[in-house]
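These are the residues of each chain, in order.
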Protein chains: 2
Amino acid sequence: MSKAETENPPAESATGPAHPLELSEETLREMVEGATERIVEHLRTLPEQPLSYTEGGAELARSLREDLPESGQPYSELLELVFERCLSLTYNTASPGYLAFIPGGGLPHAAVADLIADTVNRYVGVFVAAPGLVQLEVNVTRWFCQMVGYPETARGLLTTGGSLANFTALYTARRERLPDNFLKGILYCSDQVHHSIMKAAMLAGFPEGNIRVVPSDEHCRMQLDALKEQIESDRESDLQPFLVVGSAGTVNTGAIDDLVALADLAAEQELWFHVDGAYGGFFVLTERGRERFEGLDRADSISLDPHKGLFLPYGTGCLVVRDDAALKRAHHVAAAYMPPLQDDLEQIDFSESSPELSRDFRGLRVWLPLKMHGVGVFRQALAEKLDLAQWACDELSQIDGIEIVAEPQLSIVAFRLTRPGSSEAELEVLNRDLQQRINDKQHVFLTSTNLDGRYVIRICVLSFRTHLDRMEQCLEDIRQAVQEISEDTYSS
Amino acid sequence: MSKAETENPPAESATGPAHPLELSEETLREMVEGATERIVEHLRTLPEQPLSYTEGGAELARSLREDLPESGQPYSELLELVFERCLSLTYNTASPGYLAFIPGGGLPHAAVADLIADTVNRYVGVFVAAPGLVQLEVNVTRWFCQMVGYPETARGLLTTGGSLANFTALYTARRERLPDNFLKGILYCSDQVHHSIMKAAMLAGFPEGNIRVVPSDEHCRMQLDALKEQIESDRESDLQPFLVVGSAGTVNTGAIDDLVALADLAAEQELWFHVDGAYGGFFVLTERGRERFEGLDRADSISLDPHKGLFLPYGTGCLVVRDDAALKRAHHVAAAYMPPLQDDLEQIDFSESSPELSRDFRGLRVWLPLKMHGVGVFRQALAEKLDLAQWACDELSQIDGIEIVAEPQLSIVAFRLTRPGSSEAELEVLNRDLQQRINDKQHVFLTSTNLDGRYVIRICVLSFRTHLDRMEQCLEDIRQAVQEISEDTYSS
């Protein structure tokens, strides 16, 4: 057993023994090595690990409850607890077979970046405190602005995820368009929009009644006629339409709203046009994505999640805003104890343009993998996801009894098993059974959603680890589960 | 040169060469090792590194601007860029001599925790997705609730920092106390409160005019008579007082409001009582802190920043709320595609009680150092910071011409050089000169603030790396700078 595991000895300095919280070089190295051994082993066995083993979760959690410890415990025991007890009983978001919700993946490059960023622990909220590090994060956000076709005056902000990106967009729009009493301000989104939009509106002060949920069409796209009618009706009622949210890939089915028509309407009606591209936005890197996202560059703001479309670990979202000055106007507050702030498009104080003051240096974890590989590899990986979803759709459509409920507009396909004469309630039972049988094989993990009253199963391909071999396994498992159900029916 | 540095080769799998984004075991190990070498070297030389070398920051930043790279660059070059070019030109927040703003520190334990959390990349926003990992984060937040004396019904949330903690508190209070039209809702804070409170109020929808800034007394504590008068006057004007913010350690001087009196007043006036303890809250672990924070446990919500008082890296804030149900009522939004949520005090869905849905697993970075060392070491370290600030104050008061403007109520002391007959403007010039001379010696970094029109220099002790030896150096540098100024005056 190594020294780190038994004693956690403090470093020694010239002035005597160091404080116990100061790790010695040796201990720090051993801690990193111990973690790396576990990580490497975890990643090596990842493809064979169960996908969704959560039976007994409540018992596990209860067994882990404890009071604040007064004294310490060896690092090795803590590593074991995390890897052996906690990790084995999870939704395995990092697995190549994770096709549920929006897959996580998690490029290990980002873990190395955080190892560095946390240790050197510089502050990147204001330019003057770390000009070079801030610039790396500015580069990353500028690249995102360029990807979506924004002009030089645009600005990007890294957030912890889509929820805070959407919130910051709605808040900025509120400040820009409804500077005074905004309680008559009305915002519009489709019934397919992510619920973080509702949450963002609530956080930003809008009553739930001010959110107009516009119906979507058979392709899950916002119905523009219904939107127009609603806006007119609201104006007649002396309300103030101020914002419309489009989706560049919904979470349910990857549906893409008609962004050109929404941009036209927003311009005509003088609405702030926000696009939620948290799931789908980075497909703009591919040729197909660029075509399907026509009009995206006309949005006033766009949410993008690098922890989805750039395969990074959870905790890396982004908002890009066409007019940097709007972000600044919305977020500036003065304080005597703050360091000198810049008034320069080149020298960016992130804290002046965002809700956060101190926060982690999350730029490095985006910058490192993009710089190590270049964007070409990411573009190819995203194109592969589009191919895999389309492939899955084609294969599914050949299975007897399977109905494709939503063809892939990006990398999600939604389907269900049908049976002539069955009610929706019976079909839900049938498809819950099908889904359970697929997931029980533990090669892939699929989740469901509700489309217009129909219980549907989704396949969402977005992990950098998911390739054709796993998709073939997925289809094989689906075929087998359908077969099992069919046999059960005959034998009963 | 290692393989990782030249080629970044992809891993190979049984089914052929892996995707280029899949790091081979060898490459991942080499990346971690390369980073660790740099980190160890960085930490070893930390005590001697400059504290605030930022000349040429704009030029550096400009030289780093680049377009999105299509192809990759060797990892070794990227490491070099970060460590050699970017890091050397920063405010050295991690240094033992960093006594500016609120010191960062950054326990390296947290870096190892993030290395693990990012790589395994599990989702902790809902209980069912990772019951064991969620429980580790629940433990941490429960410990924080216990530290402040909260009952079992309390709940904590880890945020990225104090700004989002304060925002979440103000938003929750708004939802609880002003469920409908809240534009007449008035909130109260002292003129010493952190500006993130103003920002939080703006984000949550309150016009700036609804924030009442109450004057503070000669100890920088909120004047309670003035507060009472203001509340009465607002009630008479048919406005709705709903929230008062107290400080458990202001950023300017570490001033602690009379929390018992504020709690009494809040109860009497039926106001939500929020305490900003982002800087000072964790001093509750010490005996002195517990005494000085009497009344803290009666707050409805408290912001605490583990990246300040628990010495963690930036990006780890916390909000604790007395009534868990209030957090849930404020944040719940339903969605068909979400995993099953819990309705159980033991099985916590963080996404249901916070503004964030996906986000990083920030619990591990708090849990690991607390479990490795136990809280005792942290308590001692915090007590040491109180001692050091008091020691500095005593020493400063013996320097000819130095006026103590704010004695330490926690670990901050504010002082200035005075000169008989000088105007405030002249004193500002004098003290800017003094501050510059101290900082130019590059052993410590001190920043300033403005107290009631007076330019004052602050010493804020909060890094786990700052001990008596560095404080002695700090005082020596101050004495010398005062001497230099005195000599310059005589010789001119």
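Student: Before we go on, may I ask you to explain the overall build of chain A in this structure?
Tutor: For chain A, the helix and strand inventory stands at 17 helices and 13 strands. Expected size for 492 residues packed as a compact globule is a radius of gyration near 23 Å; at 25 Å, chain A falls within 12% of this value. Expressed as a percentage of the 492 residues in chain A, the buried residues total 67%. Across chain A, every contact between residues at least 6 apart in sequence was considered, and the portion connecting residues at least 24 apart equals 72%. Within chain A, the 76 negative side-chain charges are centred at a point lying 2 Å from the centre of the 43 positive side-chain charges.

Student: What is the right way to look at the pairing of strand β8 (residues 301–304) of chain A in this model?
Tutor: In summary, the side chains of a regular strand alternate between the two faces of the sheet. Residues and elements named next belong to chain A. Side chains Ser 301 and Ser 303 project from β8 onto one buried face, and the interleaved Ile 302 and Leu 304 project onto a second face that is buried too. Where strand β7 (residues 272–277) and β8 come together, four bridges link them in parallel fashion. Note on β8: the bridge partner recorded for Val 275 is Ile 302. Read as a crossover between parallel neighbours, the route from β7 over helix α11 (residues 287–292) to β8 is right-handed.

Student: Teacher, can you tell me more about the relation of the copies chain A and chain B here?
Tutor: The two chain copies are connected by a rotation around an axis plus a translation along it. Mapping chain A onto chain B calls for a rotation angle of 180 degrees and an axial translation of 0.0 Å; the resulting RMSD is 0.0 Å. What we have between these two chains is a two-fold relation. Interface residue correspondence from chain A to chain B reaches 99%, placing this contact among same-surface, isologous pairings.

Student: I tried to follow the sheet that holds strand β8 (residues 301–304) of chain B on my own but got confused; where do I start?
Tutor: Think of a sheet as strands paired side by side through backbone hydrogen bonds, with each pair either parallel or antiparallel. Residues and elements named next belong to chain B. An order of β3-β9-β8-β7-β6-β4-β5 is seen for the seven strands of this open sheet, with the pairing classed as mixed. The open sheet terminates on both sides in strands that have one partner only, identified here as β3 (155–159) and β5 (211–214). Each strand axis lies, on average, 20 degrees off the axis of its neighbour in the sheet, ignoring direction. Two strands pair when backbone bridges link them, and strand β4 (residues 185–190) and β5 are joined in this way by four bridges, in the parallel orientation. In the strand pairing of β5, Cys 189 is matched with Val 213.

Student: Would you take a moment to explain the state of the cysteines for this structure?
Tutor: Between two cysteines, a covalent bond joining their sulfur atoms is known as a disulfide. All chains considered together, the criterion is met by zero disulfides over all chains. Free of any disulfide, Cys 86 of chain B has its nearest neighbouring cysteine sulfur in Cys 318 of chain A, separated by 20 Å. Given the relative accessible area of 0%, Cys 86 of chain B is considered buried. With no disulfide of its own, Cys 318 of chain B lies closest to Cys 145 of chain B among cysteine sulfurs, the gap being 7.1 Å.

Student: In this structure, what is going on with the interface of chain A and chain B? I would like to understand it.
Tutor: By a widespread convention, an interface's size corresponds to the accessible area lost as its parts come together. Contacts between the two partners involve 159 residues from chain A and, on the opposite side, 158 residues from chain B. Taken together, the two surfaces of chain A and chain B that pack against each other cover about 13900 Å², and 64% of this comes from carbon and sulfur. The interface formed by chain A and chain B holds twelve salt bridges in total. Here Arg 65 of chain B makes a salt bridge to Glu 152 of chain A, at a shortest N to O gap of 3.9 Å. Taken together, chain A and chain B are joined by 54 residue pairs in polar contact (both at pLDDT 80 or more). For the side of chain A that touches chain B, the class distribution of residues is 82 nonpolar, 47 polar and 30 charged.

Quick notes on the rules
- Residues numbered from 1 in each chain as written.
- Chains lettered and ligands numbered in written order.
- Predicted model: local features only at pLDDT ≥ 70, side-chain atom pairs only at ≥ 80, totals over all residues.
- Heavy atoms only, no water.
- Helix = DSSP H or I, 4+ residues; strand = E, 2+ residues; numbered from the N terminus.
- Rg over C-alpha atoms; globule rule 2.2 N^0.38 Å.
- Buried < 20%, exposed > 50% of the residue type's maximum accessible area, 1.4 Å probe, protein only.
- Contact = heavy atoms within 4.5 Å.
- Lys, Arg positive; Asp, Glu negative; His and termini not counted.
- Charge placed at Lys NZ, Arg CZ, Asp CG, Glu CD.
- Pairing = 2+ DSSP bridges.
- Right-handed = clockwise from strand over helix to strand, strands pointing away.
- Least-squares fit on C-alpha atoms with pLDDT ≥ 70 in both.
- Axes fitted to C-alpha atoms, helices over the stretch in contact; angles between N-to-C directions.
- Disulfide = S-S within 2.5 Å.
- Buried area = accessible area lost by both parts, 1.4 Å probe.
- Salt bridge = Lys/Arg side-chain N within 4 Å of Asp/Glu carboxyl O.
- Polar contact = N/O pair within 3.5 Å; in protein donor to acceptor, adjacent residues only side chain to side chain.
- Nonpolar A, V, L, I, M, F, W, Y, C, P; charged D, E, K, R; others polar.

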